[in-house]
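# Descriptive structure summary
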Amino acid sequence: AMESGPGARIREGDCAVLKRDEVFKAVSVLRRRKIIFEKQWFYLDNAIGHIYGTTFEVTSGGNLQPKQGVEETTTETKEAGTDNRNIVDDGKSQKLTHDDIKALKDKGIKGQEIVQQLIENSTTFRDKTEFAQDKYIKKKKKKYEAVITIVKPSTRILSTMYYAREPGKINHLRYDTLAQMLTLGNIHAGNKMIVMETCSGLVLGAVMERMGGYGSIIQMYPGGGPVRAATSCFGFPKAFFDNLHEFPLSKVQSLLSGTLTTETLPADSEDNALVEEESNGLAEEKQPSLQETEEEPTTETAMEINPTEEQDTMDIIAEDGEFKENKEKENKENVREKQMKQWERRKKLLEAAALLREKNADGLIVASKFHPTPLLLSLLEFVAPSRPFVVYCQYKEPLLECYTKLRERGGVINLKLSETWLRNYQVLPDRSHPKLTMSGGGGYLLSGITVVLDKGKPDCSNSEALKMEEPSSKRCKLQDLPC
Amino acid sequence: MSFVEYGDTIKDGDTAIVFLGHESMFPVKVQHGTVTQTKYGVIRHSTDLIGKKYGSKVTCSKGGWVFILHPTPELWTMNLPHRTQILYSTDISIITMMLELKPGSIVCESGTGSGSLSHALIRTVAPTGHLYTVEFHQQRAEKAREEFREHRVEHLVTVTNQDVCKNGFGVSNIADAVFLDIPSPWEAIGHAKSALKAEGGRICSFSPCIEQVQRTCLAMEEYGFTEINTLEILLRVYNVRTISLQIPDLGKAAEDNSSTGFDSSSPSHQGSPCTNLQQGTVQFKSGVPLREVVGHTGYLTFATKS
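Rules behind the numbers
- Residue positions are given per chain, counted from 1 along the sequence in the order it is written.
- Chain letters start at A and ligand numbers start at 1, both assigned in the order the entries are written.
- Reporting of local features is limited, given that this is a predicted model, to residues whose pLDDT is at least 70; pairs of side-chain atoms are given and counted only at 80 or more, and all residues count toward the totals for whole chains, interfaces and linings.
- No hydrogens and no water enter the side-chain calculation; it runs on all heavy atoms of the structure.
- A run of H or I in DSSP counts as a helix once it spans at least four residues, and a run of E counts as a strand once it spans at least two, with each numbered from the N terminus.
- Burial classification: accessible surface area is computed with a 1.4 Å probe over protein chains only, and a residue below 20% of its type maximum counts as buried, one above 50% as exposed, and the rest as partly exposed.
- Contacts are residue-level and defined by heavy atoms, with any inter-residue pair within 4.5 Å sufficient.
- Shrake-Rupley sampling with a 1.4 Å probe provides the accessible areas, and residues are treated as covered by the protein chains on show and by no other component.
- Residue-level confidence of the predictor is summarised by pLDDT, bounded by 0 at the bottom and 100 at the top.
- Cysteine sulfur atoms are paired as a disulfide whenever they fall within 2.5 Å.
- At least two bridges found by DSSP between two strands is the condition for calling them paired.
- Helix axes use the C-alpha atoms of the stretch in contact, all axes being lines fitted to C-alpha atoms, and the angles between their N-to-C directions lie in the range 0 to 180 degrees.
- By convention, the term buried area covers the 1.4 Å-probe accessible surface removed from two parts as they join, with the contributions of both added.
- Salt bridge, as applied in this entry: a Lys or Arg side-chain nitrogen positioned within 4 Å of an Asp or Glu carboxyl oxygen.
- Each residue receives one of three labels: charged for Asp, Glu, Lys and Arg, nonpolar for Ala, Val, Leu, Ile, Met, Phe, Trp, Tyr, Cys and Pro, and polar for the others, Gly being one of them.
- UniProt positions are given in the numbering used here, feature names are shortened, and annotations may be inferred rather than shown by experiment.
- Here a polar contact is recorded for every N or O atom pair within 3.5 Å, except that within protein the pair must consist of a potential hydrogen donor and a potential acceptor, and residues adjacent in sequence are included only if both atoms are side-chain atoms.
- The domain limits used here are those given by an automatic or database domain assignment.

## Considering the overall build of chain A
Per the secondary structure count, chain A includes 12 helices and 17 strands. Out of the 483 residues belonging to chain A, those deemed buried represent 47%. Taking the intrachain contacts of chain A between residues at least 6 apart in sequence as the baseline, contacts between residues at least 24 apart amount to 73%. Roughly 25000 Å² of accessible area belongs to chain A as shown, and the carbon and sulfur atoms make up 50% of that amount.

Here is the structure:
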């Protein structure tokens, strides 16, 4: 049941998200653990017990203190100029030196007071227009009044955070594209979903959030095991994981052809897989990017990441208690334990296989670094008729091919290849306009609906498929050939 | 079937979607003894629909065929009878995510309009959440109630016929989220605030005009909302086409028989391998944008109640 009381409280062990303006960072709430965020060092101890959404200030001792009220720096009508024709930017208008400011900071002077000092010691401040003064104050506040809000993780928060901080880990899936997937896929409580993603578990988490613990999910995974680093940050109750299954991609062909065996499991050195899963949450995940290896250029955006900041999005300590170290001395117990684990894995594999074999899933979501076509063509077999499916790809071209192959396969209608265009706005009196930078692209989606597949008789000849699916292009017949 | 729960077979009383082909579909109320006319012929509900699996192909009397689809809020949005301008799935998607809606959420909405967003919200908050939707037009309110009943979701929604700017949503301190799509949303911000739970509730206002947005943002600030953020989202659809472009005839050099430059048979030729030397064309697949697309629906402003 959802907590509908006076807001959830920050508890030790939670995954919380630190927020400052448009910058987010996910952290594990642990006592006596130093956190670095936005050029500041502090401990989270004092935050424990407060309601999520509370804003804190960092004291000189590195502790958090709830911010008292909302103070407005002097709003009385100040002296202001009309334009900047006489303002020369020679870098000398601020009379306080770096050392002066540092001295103020060391004295423990509050950020608000430092901003006030800067204003008073600026020779050009009173010549600026009101708007320019506003902008100046905002900029100084941002630098010297360090307030941090601790927010509860959600799809909205985490997808925005990942896109800004580590888009490479989520195949550059922009948060609005993810939003489209969840809706186009009709993700809701009670579904039986098939999810295939290599987005650190963000997409899985988003699907789980929209299912609220009802229904079931079968996560298909490449390699030894699914990566769920982001999923653990959502803070779902344990019960949500009861109906989360996983199945290895490497067994899909055998499952489809009815020759599935449990003899060679992808991660019989499961310790490896599990350790890999944990270390992915710890350190930077080295996702072998076959597409591009260049660094993301750091640009001045509303969600700027300071280049000197540490790269980790997550500061999560490995959970204790679940993974014991193998000691040579306890060989016998180790062997027995290993056997138990193997038996567990086989049991789970067969459970997942049985669920898939029913071929009645309510939907399919794919968002991975792999070429989408083989995934779609195989995984659609497990989906019931009249159910939506959505495939994400960072690039358009693979989806063009996927579209064509799906047409050839038949059994799908309403295919649509799309992307969303997103723009953020600054809304201020007399100063409303789109923001200066925007994302160049958020990936592409191919969506459709399954229908009963006519096996045996040709489902549609190409021309029939054209009648059903393609608009009759009356013009441009010379150039366009419908696929 | 219901709009919040999948069913496998078509039953009497269901709302089903008849799919005829490329973006051509319409909803139908399944009823024993009824017939539905389509351009491919007649569909007899008793024999052709009831008892059939959703997703089946149904042959109509003239020989052509259609598919019968299970309803979803998205299909409903594309096919519902418009009483007002509606919100489409692109906006609905980002609204749902930014308001952090999920099963169990309590959400308030005004105006109900044609119920496009309403159906999507109900689907998302089911089975334990609730939608309180306010519509000041009496007939529209009644029509919405009727549709929710037909679609078997009436237990998840309360339709109130009143003016949200004067009388609010009819609930206090319980909503996880509030959505406004009305001409003067700034007049309802106060009511939105009181409907929202004490901490952390989310609000969204949808307005076509920037002037409305400016007033609304100001009101949100005055009422102590934080994290105020305005955005717009547009859908770009691509048609998948195989394109054939002719290779221009650049003639031949005086003595030399080899063609210069664009040698479509050379392995280094970039792009598609589908060249056709006889016809002098090059084929490739392309995602072609539509000729005319939606350029604007409205600005979406989100904020958090602190």
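## What to know about the confidence of the model for chain B
Scored by pLDDT, chain B comes out at a mean of 92, with 92% of its residues at no less than 70. Here the predicted complex carries an ipTM of 0.93, next to a pTM of 0.86.

## Observations regarding the state of the cysteines
Applying the stated criterion across every chain yields a total of one disulfide over all chains. A sulfur-sulfur separation of 2.1 Å characterises the disulfide bridge that pairs cysteine 15 of chain A with cysteine 233 of chain A. Measuring handedness by torsion sign, the sulfur bridge of cysteine 15 of chain A and cysteine 233 of chain A sits at about -45° and is left-handed. One end of the pair, cysteine 15 of chain A, is in strand β1 (residues 15–20); the other, cysteine 233 of chain A, is in the loop between β9 (216–221) and β10 (244–248), and 218 residues separate them in sequence. Looking at cysteine 393 of chain A, it has no disulfide partner, and the nearest cysteine sulfur is the one in cysteine 402 of chain A, 8.7 Å off. Cysteine 393 of chain A gets classed as buried once you look at its relative accessible area, which sits at 5%. With no disulfide of its own, cysteine 108 of chain B lies 13 Å from the sulfur of cysteine 204 of chain B, the closest cysteine sulfur.

## Considerations on the sheet that holds strand β1 (residues 15–21) of chain B
Residues and elements named next belong to chain B. Taken together, four strands build an open sheet; the order of strands is β2-β1-β6-β5 and the sheet is antiparallel. Single-partner strands in this sheet number two, and they are β2 (24–29) and β5 (57–59). Averaged over all pairs of adjacent strands, the angle between their axes in this sheet comes to 35°, without regard to strand direction. As judged from the six bridges shared by β1 and β2, these two strands associate in the antiparallel manner. Residue isoleucine 17 lies in a different strand from β2, and its bridge partner there is proline 27.

## As for the interface of chain B and chain A
Contacts between the two partners involve 72 residues from chain B and, on the opposite side, 69 residues from chain A. Buried surface at the junction of chain B and chain A, both sides included, amounts to about 6400 Å², of which 60% is carbon and sulfur. The interface formed by chain B and chain A contains four salt bridges. Residue aspartate 454 of chain A pairs with lysine 57 of chain B through a salt bridge whose shortest N-O separation is 3.2 Å. At 17 residues, strand β12 (residues 225–246) of chain B tops the list of elements feeding residues into the side of chain B that touches chain A. By residue class, the composition of the side of chain B that touches chain A is 34 nonpolar, 23 polar and 15 charged. When strand β14 (residues 412–426) of chain A meets β12 of chain B, the two strands line up antiparallel, connected through nine bridges. The residue of β12 of chain B that forms the bridge with tyrosine 425 of chain A is threonine 230 of chain B.

## Notes on the UniProt feature "binding site: S-adenosyl-L-methionine" (unreviewed entry) in chain B
Residues and elements named next belong to chain B. Per the UniProt record, "binding site: S-adenosyl-L-methionine" (unreviewed entry) is annotated on Ser114, Gly115, Ser116, Leu117, Glu135 and Asp181. These annotated residues cover 68 residues of sequence, but their C-alpha atoms sit close together, with the largest distance between any two at 13.3 Å. Structurally, glycine 115 is set in the loop between β7 (106–110) and α4 (116–125). On the secondary structure map, glutamate 135 appears in the loop between β8 (130–134) and α5 (138–150). In this structure glutamate 135 touches Gly111, Thr112, Gly113, Arg140, Ala141, Thr160, Asn161 and Gln162, once residues within four positions along its chain are discounted. Here the side chain of glutamate 135 touches glycine 113 through a polar contact of 2.9 Å, landing on its backbone nitrogen.

## Here's the deal with the domain arrangement of chain A
All names here are of chain A. One can read the domain layout of chain A as domain 1 (7–69 + 78–152) and domain 2 (155–259 + 339–425). Computed over C-alpha atoms, the centres of domain 1 and domain 2 are 40 Å apart. Counting residues at the interface gives nine residues for domain 1, matched by seven residues for domain 2. Across the domain 1/domain 2 interface, buried area totals approximately 650 Å², and carbon plus sulfur atoms make up 73% of it. If you look at where domain 1 meets domain 2, you find zero salt bridges. Put simply, the parts of the chain that give the side of domain 1 that touches domain 2 at least two residues each are β1 and β2 (23–28). The element that contributes the greatest number of residues to the side of domain 1 that touches domain 2 is β2, accounting for four residues.

## Comments concerning α4 of chain B
Counting buried positions along α4 of chain B gives 10 out of 10 residues, so the element sits mostly inside the fold. Those residues of α4 of chain B that sit buried are Ser116, Leu117, Ser118, His119, Ala120, Leu121, Ile122, Arg123, Thr124 and Val125 of chain B.

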